[in-house]
Amino acid sequence: MSWISVRQLDDPRVGTSDMSPGKDRQCAGAMVLPRGSLFIEADLGRWQRDDQALFVLHSKQTPVSHASVHLGADGTIAYVRRLADDRMQASLSARRMRLDGVIRLTVSWDMTARRGLLSLETVDDGGLLQREFIDPLPWLAGDARRLAAPAADLAFGPGLCWLGLSNRLEPVGLTPSLAAGTPIRTPRGDVPVETLTRGDMVETADGLVRPVLWSVRREVPARGRFRPIRLLAPYLGLMRDVIVAPQQRLVIRGPEVEYLFNEEAVMVDAQSLLNTPYAAEEPCGPIARYHQVILEQHDILRVGGAEIESLFIGTIRDSPEVLATTVLAGISRRNLPAHGKLAHRALRSYEATTLRAALLGR
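Keep in mind that this is a model prediction, so the values were computed, not measured.

## Quick word on the overall build of the chain
The helix and strand tally for the chain stands at four helices and 30 strands. Its C-alpha atoms give the chain a radius of gyration of 21 Å, within 12% of the compact-globule value 21 Å for 362 residues. Projected onto its principal axes, the C-alpha coordinates of the chain cover approximately 65 × 45 × 35 Å. Sorting the 362 residues of the chain into buried and exposed places 51% on the buried side. A fraction of 62% describes how many contacts in the chain between residues 6 or more apart in sequence connect residues 24 or more apart. Carbon and sulfur atoms make up 48% of the accessible area of the chain, which totals about 16,900 Å². Side chains of the chain give 44 positive and 42 negative charges; the mean places of these two sets differ by 3 Å.

## Some details on the nonpolar core
Membership of the largest hydrophobic core comes to 38 residues, with the highest contact counts inside it found for Leu38, Phe55, Leu120, Trp139 and Leu165. Here this core takes four residues from strand 10 (residues 102-110), the largest share from any one element. Setting aside residues no more than four positions away along its own chain, phenylalanine 55 makes contact with Leu38, Ile40, Ala67, Ser68, Val69, Trp139, Leu147, Leu154, Ala155, Phe156, Gly157 and Leu163. Formed by 33 residues, the second largest nonpolar core is a distinct cluster that contains Val193, Leu196, Ile252 and Leu355.

## A few points about the pairing of strand 11 (residues 115-122)
Within strand 11, seven of the eight residues are buried, leaving the element largely enclosed by the surrounding structure. Counting the residues that bridge the hairpin from strand 10 to strand 11 gives four residues, and of these arginine 114 lies at a positive phi of roughly 55°. Alignment of strand 11 against strand 12 (residues 127-134), held across eight bridges, turns out to be antiparallel. Counterpart to leucine 120 in the pairing with strand 12 is leucine 129.

## Points about the environment of leucine 44
Along the chain, leucine 44 falls in the loop between strand 5 (35-43) and strand 6 (52-59). C-alpha separation for the pair leucine 44 and leucine 174, spaced 130 residues apart in sequence, amounts to 21 Å. Leucine 44 has contacts with Gln52, Leu54, Leu71, Leu99, Gly101 and Ile103, leaving out every residue within four places of it along the chain.

## Thoughts on the sheet that holds strand 14 (residues 154-156)
Reading across from one edge, 9-8-7-6-14 is the order of the five strands in this open sheet, with antiparallel pairing throughout. Where the open sheet ends on each side, the last strands, each with one partner, are strand 9 (86-93) and strand 14. Averaged over all neighbouring strand pairs, the angle between strand axes comes to 5°, with direction disregarded. Two strands pair when backbone bridges link them, and strand 6 and strand 7 (residues 65-71) are joined in this way by seven bridges, in the antiparallel orientation. When the bridges of strand 7 are listed, phenylalanine 55 appears paired with valine 69.

## Side note on the packing of aromatic side chains
All told, the structure shown has seven aromatic pairs when counted by the stated rule. Seen in terms of ring centroids, phenylalanine 39 and tryptophan 162 are 4.9 Å apart; in terms of plane orientation they differ by 25°. Their pairing is stacked. Of this pair, phenylalanine 39 sits in strand 5 while tryptophan 162 sits in strand 15 (residues 160-166), and the two are 123 residues apart along the sequence. Tryptophan 162 matches phenylalanine 39 in its accessibility class, with the two residues each being buried. With a centroid separation of 5.1 Å and 70° between ring planes, the pair formed by tyrosine 235 and tyrosine 278 is classed as edge-to-face. Remark: tyrosine 278 occurs in the loop between strand 25 (265-269) and strand 26 (279-281) and tyrosine 235 occurs in the loop between strand 22 (229-231) and strand 23 (242-244); sequence separation between them is 43 residues.

## Notes on helix 4 (residues 349-360)
Its 12 residues give helix 4 an end-to-end C-alpha distance of 16 Å, which sits within 8% of 16 Å, the value for a rise of 1.5 Å per residue. Buried-residue contacts for helix 4 involve strand 24 (249-253), helix 2 (255-261), strand 25 and strand 30 (345-346).

## Things to note about the environment of leucine 120
Among the secondary structure elements, leucine 120 is positioned in strand 11. Overall, the relative accessible area of 0% leaves leucine 120 in the buried class. With 53 residues separating them in the primary sequence, leucine 120 and glycine 173 have C-alpha atoms 8.9 Å apart. Beyond its immediate stretch of four places on either side in the chain, leucine 120 contacts Ile77, Leu92, Ala94, Met97, Leu99, Ile103, Arg104, Leu105, Gly127, Leu128 and Leu129.

## Here's the deal with the side chain of serine 310
Along the chain, the position of serine 310 falls in the loop between strand 29 (306-309) and helix 3 (320-323). If near-sequence neighbours (up to four positions away) are discounted, serine 310 is found in contact with Gln292, Val293, Leu295, Gln297, His298, Asp299 and Leu301.

Criteria and cut-off values
- Residues numbered from 1 in each chain as written.
- Predicted model: local features only at pLDDT ≥ 70, side-chain atom pairs only at ≥ 80, totals over all residues.
- Heavy atoms only, no water.
- Helix = DSSP H or I, 4+ residues; strand = E, 2+ residues; numbered from the N terminus.
- Rg over C-alpha atoms; globule rule 2.2 N^0.38 Å.
- Buried < 20%, exposed > 50% of the residue type's maximum accessible area, 1.4 Å probe, protein only.
- Contact = heavy atoms within 4.5 Å.
- Areas by Shrake-Rupley, 256 points an atom, 1.4 Å probe, with all protein chains shown as cover.
- Lys, Arg positive; Asp, Glu negative; His and termini not counted.
- Charge placed at Lys NZ, Arg CZ, Asp CG, Glu CD.
- Core = buried A, V, L, I, M, F, W, Y, C linked by side-chain atoms within 4.5 Å.
- Pairing = 2+ DSSP bridges.
- Axes fitted to C-alpha atoms, helices over the stretch in contact; angles between N-to-C directions.
- Phe/Tyr/Trp six-rings, centres within 6.5 Å; stacked < 30°, edge-to-face > 60°.
- Expected span 1.5 Å × (residues − 1).

Here it is as structure tokens:
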């Protein structure tokens, strides 16, 4: 079991899963989640520097349960938790981060280890800021039910997109972004991405053959910036449609690229191509499962005829504490490469908007 409650603010449909009482402790008659993660995605737009509550839960039922996330005018994010007579607060300062646009906040707790973690991600530029705290307070099964149904004891900030509750320590940062079944070109032909394992060979866009160092996967709610996108054939060189996560970057070439950016090729994320002939949102169930491969260096794969990047991990191996909170947690840092640079220039959102307009004007 993983995601037990998901709520999207612009969609009344939510999902909850039954929990097994035999695996959870009891506290004041309420089932306790001894470990888990609260996940929040918010779109701050052009952030106006004022105090705002992103999310508040306050239940007066016994035991009293309160949880809230606040964004201060100075860029401080505070997580406040109360359970019966116990209280705690954790915060981190994001004043040096660019908070305009979409952010993800993950609050994780592990009662056995007596530790919690507050993680802030800026989705558009891949920024990640973390702070560990001690003696976290758990969430209750009743809290999960409250999240999944309209109730007077919940309040949401205007920028909140969706939130979810998991009974696991969810990874943060690096996110695989190819749906199962996505065809990757190899010396033996196209194979589904989920079947690739360490040591398998793949072909790159420049015709070289590279070994897969690691294959990773992640399961996430199909909401917000995790909602799948279908890249549509015959555009972008595709021989068939492929399904990717919004942040998956692909290569675009052509006279528009050379004229606008003085580059032979650039990369844009799939999100930038939505609502065009090139891409559309993909209907799916409540959960999306994504896969990706890691190569010795960041490179471009042949995917269904299009040029799509492998997973870029930068120099995360040099930050073992951060590494342990990602999908790479089970891999020794000694067995990970260092990706010093991207295979091609990645466009910023405003640059991608300009290129999109040029492509639509063909």
